[in-house]
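Next come the chains, spelled out residue by residue.
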Amino acid sequence: MNTSKRQKQRKVLLMGKSGAGKSSMRSIVFSNYVAKDVRRLGATIDVEHSNIKFMGNLMLNLWDCGGQDGFVENYLTHQRAHVFSSVAVLIFVFDIESREFAADVISYSAIIRALSENSPTAAVFVLIHKMDLVQSRLRQQLFEERAEYIRQASEGFRDTVEFFPTSIWDQSLYKAWTQIIYYLIPNARGIEGLLRELAEVVDARELILYERTTCLMVTHVTRGAEGQNPFTDRFERISSILKTHKQSMAKHTGIPAGSANFAEMQIKTGRFMFFITRLTENTNLAASIPPSEQVFNAARVNIALVRPKFAELDIASKPRPAVQQAFAHSADSERWEGHVEGKGKEREKEWEA
Amino acid sequence: MEDLPDAEVPHTDPVPPRFHTGRLPNSKAGDGKPRLLLMGQRRSGKSSISSVVFHKLPPSETLYLETTTRIKKESMHSFMDFQVWDFPGHLDYFDPAFDVDNIFEEIGALIWVIDAQDEYLEAIMRLNTTILNLQHSYPNINVEVFVHKVDGLSEDYKGDTFRDIIQRVQDELSDHGYENAPVSFYQTSIYDHSIFEAFSKVIQKLIPQLPTLEALLNSLCSTCHIEKAYLFDIMSKIYIATDTSPTDIGSYEICSDYIDVVIDVSEIYGWDRPSENGDADLQETGNNDAESLITMERKGNNYLYLREINKYLALICLMGDDSPSEKKAVIDYNVGVFQAALKQVFPRAERDIVVQSPS
């Protein structure tokens, strides 16, 4: 058990130029900061480590690396092996407003080179940050230009690097982090399978599984006509809504934001019924169902009944054969080290024996 | 309801009342289209305020707003119709070329915006000139001074500036022999809820039915052990009434944030679905009025209850500790009674809905 816990630790490097917004986004996503609170943050000195327990058995080992030139120099020389070895994900943050974009890219390629030497299997996510400072009509174009330029400098990661425009002031931050987290979750397929079964049983239009503390989406299941929902960014939007609400509750009740969780939220209208309730220790389940009192109540009961099954999946390191035999093809517990070009969907390799 | 038969009849006291009577000072009684005038120096934040409050523009986007060059008139259709007139800062409002009477004739409130982060002496001077000018022809205009952009000031400095502005305005007015002018002051910022709170207070002065609403909410609160109840205008998130227990900005904020949650989620899932065949018989089970409930995980924490009252208004209650969710049925019933009572208070609003709905 002990060893399996350790193996689920994923090292995530958060890098980028000083002042790009690395610590700000970390505080917002993981430490319940509000966007406007981040101006209180000072500069990060050297590396700040944080361990974030996520979905039971996934432990994010987040290295927030201070971006001042002196520190970066140090990472690339003395601590090169220490910093860049066994990295699962590198998140590199670019400031869209930066006046020295070319210099930023040079620093980026130096880091990419160090990464490919020490952890060639790592995934790279590039966040082009502070997009809110660009006028909205120019955003898309500027983002694409920058992304293309950075891609050219990505060497061995050229084909796999993924780009996201982000801003701490809207849900784009959640969109990017959701993708990153999805990439890291070891048993996403199993969770998805079970969720799909549940959706059939309760006749839900949509079920969305959220991580509890960060409010990031783990996965979702959409059925029938709900697939045509015009709000394709609804998952991030709900993330952002939940997070904001959590902060508002915390502020009002005076309890720390980390524990200001609601037991249940219900919204009933003539067009839909919606509720979010706790599913397991680390997850909340949001369900959108047809507007019917009976379906609503039945769904609540069923979800309460299915909790133990999810709890098992959440924490257990042993795969549940019924759902997972299709992909649990290997007993190789080290396999997760070995997937490189996974675009977030090739999760099969990650099963633990 | 029988206790308050006169709720809708405008007061007819010979002495013009000043505060909270709800009578519109200068308009014909009952036509109910008050005007809010936004005035102040240029760059003091008038257009930002109106965009944030009435158009839901994110505060950070107000940086890109362009200077207002002519009077912008906007009509708000809500539980009561009112107009917001946004004035360019550089105008001289008493220029003879201006039709002063036309501007101030139906005014509900004059909102004067002062930038607290800027030199405000000139703004105060102009404000006083305006008040003194208005005093002759329209002595009962509510003048509301928003000491704006206070978010950028430290706590101490904020209080000092606020007091200093009040002092200067009042001194100068009394120097001109105008004591106890009907001027109220608010500290506002578009980056938090204070601007909504201030607007709520301004609007409440213009609602003739306010005392009735407060009485209704009080009685609802005591029956259902509600800690605090607000009647919100959903669109603008201005509250038009609350029970008379002491208000703190915290409970307003939490209710206002809660409306956001419900509206945002409703927007996401309330889209027009292609009609599902065979589901027609299920239709009647859906709720006509949206309702929502949040229970907190920890025991002893309050929970929140929201109920749509009509097209424009929502009731939001912060439940006390002794009102567990098992009693929800009773609360539902009582809120239903409240809703019925409200229909009698605002018969016009209901009629409007019927008239407007086909169009």
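Residues numbered from 1 in each chain as written. Chains lettered and ligands numbered in written order. Predicted model: local features only at pLDDT ≥ 70, side-chain atom pairs only at ≥ 80, totals over all residues. Heavy atoms only, no water.

Colleague: Lay out the overall build of chain A with the relevant residues and their values.
Modeller: Helix and strand content of chain A: eleven helices and eleven strands. Of all 353 residues assigned to chain A, the portion counted as buried reaches 56%. By sequence separation, contacts in chain A at least 24 residues apart represent 68% of the contacts at least 6 residues apart. Of the roughly 14600 Å² of accessible surface on chain A, 51% is carried by carbon and sulfur atoms. (Helix = DSSP H or I, 4+ residues; strand = E, 2+ residues; numbered from the N terminus. Buried < 20%, exposed > 50% of the residue type's maximum accessible area, 1.4 Å probe, protein only. Contact = heavy atoms within 4.5 Å. Areas by Shrake-Rupley, 256 points an atom, 1.4 Å probe, with all protein chains shown as cover.)

Colleague: So what about the sheet that holds strand E2 (residues 72–76) of chain B? Which residues, and what values?
Modeller: Paired through their backbone hydrogen bonds, the strands of a sheet run either parallel or antiparallel. All names here are of chain B. An order of E2-E3-E1-E4-E5-E6 is seen for the six strands of this open sheet, with the pairing classed as mixed. The two strands at the open ends of the sheet, each matched to only one other strand, are E2 and strand E6 (183–187). Averaged over all neighbouring strand pairs, the angle between strand axes comes to 20 degrees, with direction disregarded. Here helix H3 (residues 121–137) sits on the sheet in contact with strand E1 (35–40), strand E4 (107–115), strand E5 (142–148) and E6, set at roughly 165 degrees to E4. Sheet strands in contact with helix H4 (residues 155–175) are E4, E5 and E6, and its direction is about 165 degrees off that of E6. (Pairing = 2+ DSSP bridges. Axes fitted to C-alpha atoms, helices over the stretch in contact; angles between N-to-C directions.)

Colleague: If you had to explain the environment of proline 59 of chain B to someone new, which residues and values would you point to?
Modeller: All names here are of chain B. Locating proline 59 in the fold gives a position in the loop between helix H1 (46–55) and E2. When its relative accessible area of 25% is taken as the criterion, proline 59 is described as partly exposed. Separated by ten residues in sequence, proline 59 and isoleucine 49 have C-alpha atoms that sit 8.9 Å apart. Contacts of proline 59, omitting those with residues within four sequence positions, involve Val52, Ile190 and Tyr191.

Colleague: Residue-level account of the interface of chain B and chain A, with values.
Modeller: Tallying the contact residues gives 41 residues for chain B and 49 residues for chain A. Here chain B and chain A share an interface that buries about 3900 Å² over both sides, 57% of which is from carbon and sulfur atoms. Inspection of the region where chain B meets chain A yields two salt bridges. Between glutamate 267 of chain B and arginine 237 of chain A there is a salt bridge, with the nearest N and O atoms lying 3.3 Å from each other. (Buried area = accessible area lost by both parts, 1.4 Å probe. Salt bridge = Lys/Arg side-chain N within 4 Å of Asp/Glu carboxyl O.)

Colleague: Lay out the nonpolar core in plain terms, naming residues and giving numbers.
Modeller: By size, the foremost hydrophobic cluster in this structure holds 92 residues, and its most contacted members are Leu36, Phe199, Leu231 and Leu315 of chain B. By residue number, the principal contributor to this core is helix H7 (residues 249–269) of chain B, which donates ten residues. When residues no more than four places from it in sequence are discounted, the contact partners of phenylalanine 199 of chain B are Leu36, Ile49, Val53, Phe54, Ile111, Phe146 and Ile238 of chain B. Judged by nonpolar contacts, the second largest core, of 58 residues, contains Val38, Leu58, Leu60 and Ala123 of chain A. (Core = buried A, V, L, I, M, F, W, Y, C linked by side-chain atoms within 4.5 Å.)

Colleague: Describe the pattern of salt bridges, and please don't skip the residues or the numbers.
Modeller: The full count for this structure, using the stated rule, is 23 salt bridges over all chains. The partner of arginine 234 of chain A in a salt bridge is glutamate 206 of chain A, and the shortest N-O contact between them spans 2.7 Å. Separated by 28 residues along the polypeptide, arginine 234 of chain A in helix H9 (residues 234–253) and glutamate 206 of chain A in strand E7 (residues 206–211) bring together distant segments of the chain. Accessibility classification places arginine 234 of chain A together with glutamate 206 of chain A in one group, the buried group. One salt bridge connects arginine 307 of chain B with aspartate 332 of chain B, and the closest N-O pair in it is separated by 3.7 Å. Pair noted here: arginine 307 of chain B is in strand E10 (residues 304–308) and aspartate 332 of chain B is in helix H8 (residues 328–345), with a separation of 25 residues, a long-range link. Residue arginine 307 of chain B is classed as buried on the basis of its relative accessible area, which comes to 12%. Beyond isolated ion pairs, a larger network of salt bridges with shared partners links Arg26, Glu48 and Asp64 of chain A.

Colleague: So what's going on with H9 of chain A? Residues and values would help.
Modeller: With 20 residues, H9 of chain A should reach 28 Å at 1.5 Å per residue; the first-to-last C-alpha distance of 28 Å fits that figure. For H9 of chain A, the buried fraction is high: 15 of the 20 residues fall into the buried class. (Expected span 1.5 Å × (residues − 1).)

Colleague: Explain the sheet that holds strand E5 (residues 123–129) of chain A to me, and be specific about the residues and the numbers.
Modeller: Residues and elements named next belong to chain A. Read from one edge of the open sheet, six strands run E2-E3-E1-E4-E5-E6, paired in mixed fashion. The open sheet terminates on both sides in strands that have one partner only, identified here as strand E2 (47–54) and strand E6 (162–165). Each strand of the sheet is rotated relative to its neighbour by a mean of 20 degrees, with strand direction disregarded. By the bridge criterion, five bridges tie strand E1 (residues 9–16) to strand E4 (residues 89–95) in an arrangement that is parallel. Bridging from a neighbouring strand, valine 12 pairs with valine 89 of E4. Running over the sheet, helix H5 (residues 101–118) touches E1, E4 and E5 and is turned about 175 degrees from E4. Here helix H6 (residues 136–152) sits on the sheet in contact with E4, E5 and E6, set at roughly 150 degrees to E6.

Colleague: Please give an account of the packing of aromatic side chains that cites residues and values.
Modeller: Tallied over the entire structure, the rule returns 22 aromatic pairs over all chains. Ring geometry for phenylalanine 101 of chain A against tyrosine 149 of chain A: centres 5.4 Å apart, planes inclined by 45 degrees, an arrangement best described as tilted. On the criterion of sequence distance, the pair formed by phenylalanine 101 of chain A in helix H5 and tyrosine 149 of chain A in helix H6 is long-range, its members being 48 residues apart. Classification of phenylalanine 101 of chain A as buried rests on a relative accessible area of 13%. An angle of 75 degrees between the planes, with centres 5.0 Å apart, marks the rings of tyrosine 230 of chain B and tyrosine 239 of chain B as edge-to-face. The pair tyrosine 230 of chain B / tyrosine 239 of chain B is uniform in exposure class, with both members buried. Taken together, the ring pairs in this structure connect Phe92, Phe94, Phe101, Tyr108 and Tyr149 of chain A into an aromatic cluster. The positively charged end of lysine 73 of chain B is found above the aromatic ring belonging to tryptophan 85 of chain B, 4.3 Å away from the centroid. (Phe/Tyr/Trp six-rings, centres within 6.5 Å; stacked < 30°, edge-to-face > 60°. Lys NZ or Arg CZ within 6 Å of the ring centre and 35° of its normal.)

Colleague: Explain the side chain of serine 51 of chain B to me, using residue names and the numbers behind them.
Modeller: Here serine 51 of chain B shows up in helix H1. With near-sequence residues (within four places) excluded, serine 51 of chain B lies in contact with Lys56, Leu57 and Leu65 of chain B.

Colleague: Provide a residue-level description of the side chain of serine 23 of chain A, including the pertinent values.
Modeller: Residue and element names in this part refer to chain A. Residue position: serine 23 is located in helix H2 (residues 22–30). Owing to a relative accessible area of 12%, serine 23 belongs among the buried residues under this scheme. There is a polar contact of 2.8 Å between the side chain of serine 23 and the side chain of aspartate 64. Not counting chain neighbours up to four residues away, the residues in contact with serine 23 comprise Leu41, Thr44 and Asp64. (Polar contact = N/O pair within 3.5 Å; in protein donor to acceptor, adjacent residues only side chain to side chain.)

Colleague: Break down helix H5 (residues 194–204) of chain B for me, with residues and values.
Modeller: The buried fraction of H5 of chain B amounts to ten of the eleven residues, a majority that puts the element mostly inside the structure. Three or more residues of H5 of chain B are buried, namely Ser194, Ile195, Phe196, Glu197, Ala198, Phe199, Ser200, Val202, Ile203 and Gln204 of chain B.

Colleague: Outline the pairing of E4 of chain A, supporting the account with residue identities and numerical values.
Modeller: All names here are of chain A. Of all seven residues that make up E4, seven are buried, and the element is covered over most of its length. Burial along E4 is two-sided: the face carrying Val89, Ile91, Val93 and Asp95 and the face carrying Leu90, Phe92 and Phe94 are both buried. Inspection of the sheet shows E4 paired to E5 by seven bridges, in the parallel sense. Following the sheet pairing, leucine 90 is matched in E5 by valine 124.

Colleague: Can you lay out unusual backbone geometry for me, pointing to particular residues and giving the numbers?
Modeller: In this structure, aspartate 203 of chain A takes a positive phi of about 60 degrees despite not being glycine. Mapped onto the elements, aspartate 203 of chain A comes out in the loop between helix H8 (188–202) and E7. Positive phi is not limited to glycine here, since histidine 225 of chain B has a value of about 55 degrees. Tracing the backbone shows histidine 225 of chain B in the loop between helix H6 (210–224) and strand E7 (226–233).

Colleague: So what's going on with the confidence of the model for chain B? Which residues, and what values?
Modeller: All names here are of chain B. For chain B, mean pLDDT is 77; residues scoring 70 or higher make up 78% of the total. By mean pLDDT, helix H9 (residues 347–356) is the weakest element of chain B at 49, and E6 is the strongest at 91. Long-range and interchain partners of residues 1–30, a stretch whose pLDDT sits below 50, account for 41 contacts in this model, where long-range means more than four residues apart. In this model residues 350–359 is a low-confidence stretch, pLDDT under 50, and it forms seven contacts with partners more than four residues away in sequence or in other chains. (pLDDT = per-residue confidence, 0-100.)

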